[in-house]
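An overview of the molecular structure
Each chain, written out:
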Amino acid sequence: MPLINVKVIENVFTAEQKRDVVERLTDAMVTIEGENMRPVTWVIVEEVASGDWGIGGNPLTTADVRALAEGVSV
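Residues numbered from 1 in each chain as written. Predicted model: local features only at pLDDT ≥ 70, side-chain atom pairs only at ≥ 80, totals over all residues. Heavy atoms only, no water.

Structural notes on the pattern of salt bridges
Within the structure shown, the criterion is met by five salt bridges. Between Arg38 and Asp27 there is a salt bridge, with the nearest N and O atoms lying 2.8 Å from each other. Here Arg38 is found in the loop between helix H1 (15-33) and strand E2 (42-48), whereas its partner Asp27 is found in helix H1, with 11 residues between them in sequence. For Arg38, a relative accessible area of 32% translates into the label partly exposed. When its relative accessible area of 30% is taken as the criterion, Asp27 is described as partly exposed. As a salt-bridge pair, Arg38 and Glu35 come within 2.6 Å of each other at their nearest N and O atoms. Connected through salt bridges with shared partners, the residues Asp27, Glu35 and Arg38 form a single ionic network. (Salt bridge = Lys/Arg side-chain N within 4 Å of Asp/Glu carboxyl O. Helix = DSSP H or I, 4+ residues; strand = E, 2+ residues; numbered from the N terminus. Buried < 20%, exposed > 50% of the residue type's maximum accessible area, 1.4 Å probe, protein only.)

Shown next, in the form of structure tokens:
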């Protein structure tokens, strides 16, 4: 029974985008394991509070992630 746990910073992805993540990751697992795994593939999308996630010793905020998505370095 596959469990895929995705952590994202809060307020970056919409509910629709998170549903898309769940669907696509499930599809990816089914591609690897076979269709019989679809009903038992779990995908959890967890939101981490802005600033509670760090990279290279620096806290990452919602605004930072949005800037990165737009191609602006933080």
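Structure's up, so let's keep going.
A closer look at the nonpolar core
Residues Ile4, Val6, Val8, Met29 and Val43 constitute the largest nonpolar core, which totals five residues. A per-element tally of this core places strand E1 (residues 3-9) first, with three residues. Look past the residues within four positions of Ile4 in its chain and what remains in contact with it is Leu25, Met29, Thr41, Trp42, Val43 and Ile44. (Core = buried A, V, L, I, M, F, W, Y, C linked by side-chain atoms within 4.5 Å. Contact = heavy atoms within 4.5 Å.)

A word on the side chain of Thr41
With respect to the secondary-structure elements, Thr41 resides in the loop between H1 and E2. Beyond its immediate stretch of four places on either side in the chain, Thr41 contacts Pro2, Ile4, Thr26 and Met29.

Observations regarding a nonpolar patch on the surface
A contiguous nonpolar patch, built from Met1, Leu3, Trp42 and Ile44 and spanning about 460 Å² of accessible area, is present on the exposed surface. If you trace the backbone, Leu3 turns up in strand E1. Taking the relative accessible area as the measure of exposure, Leu3 reaches 53% and is therefore exposed. (Patch = residues over 30% accessible without salt bridge, like charges linked within 9 Å, V, L, I, M, F, W, Y side chains within 5 Å. Areas by Shrake-Rupley, 256 points an atom, 1.4 Å probe, with all protein chains shown as cover.)

Considering the pairing of E1
On a regular strand, each side chain points to the face opposite its neighbour's, so the side chains alternate between the two faces of the sheet. Note that E1 and E2 share seven bridges and pair parallel. Each residue of the ladder has a partner; that of Asn5, found in E2, is Ile44. Handedness of the E1-H1-E2 crossover: right-handed. (Pairing = 2+ DSSP bridges. Right-handed = clockwise from strand over helix to strand, strands pointing away.)

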